[in-house]
Amino acid sequence: IGAAVDLTGDSLADYLVSNSTDRLLLLFTKQGPEGGLLKDTISTQAKLIKNIVPADMDNDGDIDFVVTSTGESTVAVYTNDGNNKFSVKKLCAPGLPYPYHAISVDFDKNGTMDLVVSSSADDRITLFSNNGKESFTPTILYTDFFSAATLTAADIDMDGDVDILAGSDEFMKNTLGWIRNGNTDGVSFQSIKSTDSECNNPIAVDLDNDGDLDILGGSTFGGVYWFENSGDGTFSSLKEIADISLINQVWACDLDRDGFMDAVSYGGGASENCEVRFHRNNGAGGFDKPLTLVGSTSSNYVWPGDIDGDGNSEILTFNSSYDLLMLSWNGGGCDTKALFPKFGMKHTLVVADLDNDNDSDVVWIDDSCKTLGWLENRGELSFVNHTLAGNLPGINSVSVGDIDGDGDRDLLTTNVDDGSLVWFENTPGGIRTIDRQVPNMIQRVSVNVKNRTILQLSFDLPSETTVKVSLYNTAGQRIALIANRKFSSGRSTIAYDLSRSNASGMFIVSMECAGIRQTESVVVH
């Protein structure tokens, strides 16, 4: 789970890595002239992470990130203060069980990044409108999208604003549709595909070169298919690309370099006998018979993009021997080059220029989810393998972005075993890891309102320390200082009479301890 993003503001991508089964571990890498890494723990709070979204949520020019956690049923915004210190704000909405996927987009066109979140346990898609002052207002956009799994921001109806494309991973109604952003006309849900099979990870892409966005999809029993957009968000019936069962995922790229977007699919068999197939767009509204590029592979990793720096799309994948392959079009088929023979099965791969030398490197997590490393591209597709950290049991994803704004690429990760939020910063002096712990003292936070007037806040501390607790309104104004004193280790509870501040509506409870600020949203009726 992760993304490539410039978190450090240095014009280079850094990496974010997470573990979906438990706690959040943040890693930056900051590539200096001779390489090197610094590791820094930021937080130990997030559990069962499903999604990490890097975005500038507070419009201050640096990159923050958003985390959806199914273990806590929360959406948390980690705000970067510009000095690589993060404060945490947890968003709430009426009934947000199992928040699965989130995207950042300026949905209301007010100049700030909003959040759209799917929660699969209650079939809802929720908008969190950002007022730019650390306040988010929830609005339910749709309530009957079964197991909403993936969201994509795109102007589906070509009216100049951003709509939301949604796909489900379940075999029920409303498995593919989009939410029309009507601005003054309000929002409405438009179903594209409602029966037969799921449509997880749909892609909005112009397949017929008419200037609007069509939908490319694949499913377990529906094969590979597309829906043609008429230009206003109304779609044709399903158009079959290939009748192949057990499709796990599809991608779009112009592999044959003819100006039309093609499709690449993975699946079509049992887990140890899947195939990577190329579906060539013939430019006349149809697709050629699928061409098998790699057969009998159990690796589900496929990455279409420019790997060799020639300006064209290639495909990075594995064969059954776990050789890392690059597939490139030769005019009538694909040439296969083994970039790294016997590379071994990997859990996660991310392609990015890690060492800032203008070619594509490959960051990897091993299949046992214990080791983080990268393949350094030395030029002309000659690779050298490096291990960055060999004792990180529990990590399962990595993404890239310049977190600290120094012009190079960093990494962000999560970990299941120690529940820590950590960053690795690349520095001059070779590959080295320096542990810089940043305490996140406040744990197991609980906020409740009793009898509509008494705010009750409970939290755990590992040792005696000072905690500052404040109450803010949605405009960012502090309306009460609730506490600013030492609390003993263990469980503490604070009660505050909200009638003293005439408080009603949505409010933000801020807790500051050891340089870390954490916030919780609360609604007072």
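Residues numbered from 1 in each chain as written. Predicted model: local features only at pLDDT ≥ 70, side-chain atom pairs only at ≥ 80, totals over all residues. Heavy atoms only, no water.

### A closer look at the overall build of the protein
Item 1. Across its full length, the protein carries 0 helices and 42 strands.
Item 2. Per-residue burial for the protein yields a buried fraction of 57% across its 525 residues.
Item 3. A separation threshold of at least 6 residues defines the contact pool for the protein, and within that pool the share at least 24 residues apart is 50%.
Item 4. Of the roughly 20,000 Å² that the protein leaves accessible, carbon and sulfur atoms contribute 44%. (Helix = DSSP H or I, 4+ residues; strand = E, 2+ residues; numbered from the N terminus. Buried < 20%, exposed > 50% of the residue type's maximum accessible area, 1.4 Å probe, protein only. Contact = heavy atoms within 4.5 Å. Areas by Shrake-Rupley, 256 points an atom, 1.4 Å probe, with all protein chains shown as cover.)

### Examining the confidence of the model for the protein
Close inspection of predicted coordinates is inappropriate in any region flagged by low pLDDT.
Item 1. Scored by pLDDT, the protein has a mean of 78; 74% of the residues are at 70 or more.
Item 2. The spread of mean pLDDT over the elements of the protein runs between strand S35 (residues 435-437), the lowest at 38, and strand S16 (residues 203-205), the highest at 94.
Item 3. Residue range residues 19-37 is modelled with pLDDT below 50. Its contacts to residues more than four positions away, or to other chains, number 142 contacts.
Item 4. Segment residues 429-439 is flagged for pLDDT under 50; beyond a separation of four residues in sequence, or across chains, it makes 36 contacts in the model. (pLDDT = per-residue confidence, 0-100.)

### Here we look at the sheet that holds strand S40 (residues 490-497)
Item 1. With antiparallel pairing, 3 strands are arranged side by side in an open sheet as S36-S37-S40. Across the chains shown, the open sheet's two edge strands, defined by having one partner strand only, are strand S36 (443-450) and S40. The sheet shows a mean angle of 15° between the axes of neighbouring strands, direction not considered. (Pairing = 2+ DSSP bridges. Axes fitted to C-alpha atoms, helices over the stretch in contact; angles between N-to-C directions.)

### Digging into the sheet that holds strand S17 (residues 214-219)
Item 1. Ordered in space as S16-S17-S18-S19, the 4 strands form an open sheet in which the pairing is antiparallel. Whereas interior strands pair on both sides, the edge strands pair on one side only; in this sheet they are S16 and strand S19 (239-242). Neighbour to neighbour, the strand axes of the sheet diverge by 30° on average, direction disregarded.
Item 2. Both strand S18 (residues 223-227) and S19 contribute to a ladder of 3 bridges, which runs antiparallel. Bridged to Val224 within S19 is Ala242.

### Digging into the packing of aromatic side chains
Item 1. Inspection of the entire model under this criterion finds 10 aromatic pairs.
Item 2. Plain terms: the ring middles of Phe318 and Tyr322 are 6.4 Å apart, the flat faces sit at 65° to each other, and that makes the pair edge-to-face.
Item 3. Aromatic rings pair up to connect Phe318, Tyr322, Phe340, Phe343 and Trp364 into one cluster.
Item 4. Lys346 extends its terminal NZ or CZ atom over the ring of Phe343, reaching a point 4.0 Å from the ring centre. (Phe/Tyr/Trp six-rings, centres within 6.5 Å; stacked < 30°, edge-to-face > 60°. Lys NZ or Arg CZ within 6 Å of the ring centre and 35° of its normal.)

### What to know about the nonpolar core
Item 1. Within the largest apolar cluster, 20 residues are counted, with the highest numbers of intra-cluster contacts made by Leu455, Phe459, Val467, Val469, Leu471 and Ile494.
Item 2. For this core, the secondary-structure elements that each account for two or more residues are strand S37 (454-461), strand S38 (465-473), strand S39 (478-487), S40 and strand S41 (505-513).
Item 3. Once residues within four sequence positions are removed from consideration, Val469 is found in contact with Leu457, Leu481, Ile482, Ala483, Ile494, Val509, Ser510 and Met511.
Item 4. Counting residues in each nonpolar core, the second largest holds 16 residues, with Leu316, Leu339, Val362 and Leu375 among its members. (Core = buried A, V, L, I, M, F, W, Y, C linked by side-chain atoms within 4.5 Å.)

### Some words on the pattern of salt bridges
Item 1. Counted by the stated rule, this structure contains 8 salt bridges.
Item 2. Asp288 is paired through a salt bridge with Arg280; the nearest N and O atoms lie 3.1 Å apart.
Item 3. Connected through salt bridges with shared partners, the residues Asp256, Asp258, Arg280 and Asp288 form a single ionic network. (Salt bridge = Lys/Arg side-chain N within 4 Å of Asp/Glu carboxyl O.)

### A few points about the pairing of strand S5 (residues 64-69)
Item 1. The element S5 is extensively covered by neighbouring structure, given that 6 of its 6 residues are classed as buried.
Item 2. Burial along S5 is two-sided: the face carrying Asp64, Val66 and Thr68 and the face carrying Phe65, Val67 and Ser69 are both buried.

### Things to note about the side chain of Thr112
Item 1. The topology assignment puts Thr112 in the loop between strand S8 (99-105) and strand S9 (114-119).
Item 2. A relative accessible area of 8% places Thr112 in the buried class.
Item 3. At 2.8 Å, the side chain of Thr112 forms a polar contact with the side chain of Asn110.
Item 4. For Thr112, the contacting residues outside a window of four places in its chain are Asn59, Asp106, Asn130, Asn131 and Gly132. (Polar contact = N/O pair within 3.5 Å; in protein donor to acceptor, adjacent residues only side chain to side chain.)

### Here we look at the side chain of Lys346
Item 1. With respect to the element layout, Lys346 can be found in strand S28 (residues 346-352).
Item 2. Although Lys346 lies buried, it forms no salt bridge, and the closest oppositely charged side chain, Asp366, sits 7.4 Å away as judged by the N-O distance.
Item 3. Here Phe343 takes part through its backbone oxygen, which lies 2.6 Å from a polar atom of the side chain of Lys346.
Item 4. Sequence-distant contacts of Lys346, defined by excluding residues within four places in its chain, comprise Phe318, Trp364, Ile365, Asp366 and Asp367. (Lys, Arg positive; Asp, Glu negative; His and termini not counted.)

### Topic: unusual backbone geometry
Item 1. One non-glycine residue, Asn59, adopts positive backbone phi at about 55°.
Item 2. Owing to a relative accessible area of 46%, Asn59 belongs among the partly exposed residues under this scheme.
Item 3. Phi angles above zero are rare outside glycine, and Cys369 is one such case at about 55°.
Item 4. When you line up the elements, Cys369 lands in the loop between strand S29 (361-366) and strand S30 (372-377).

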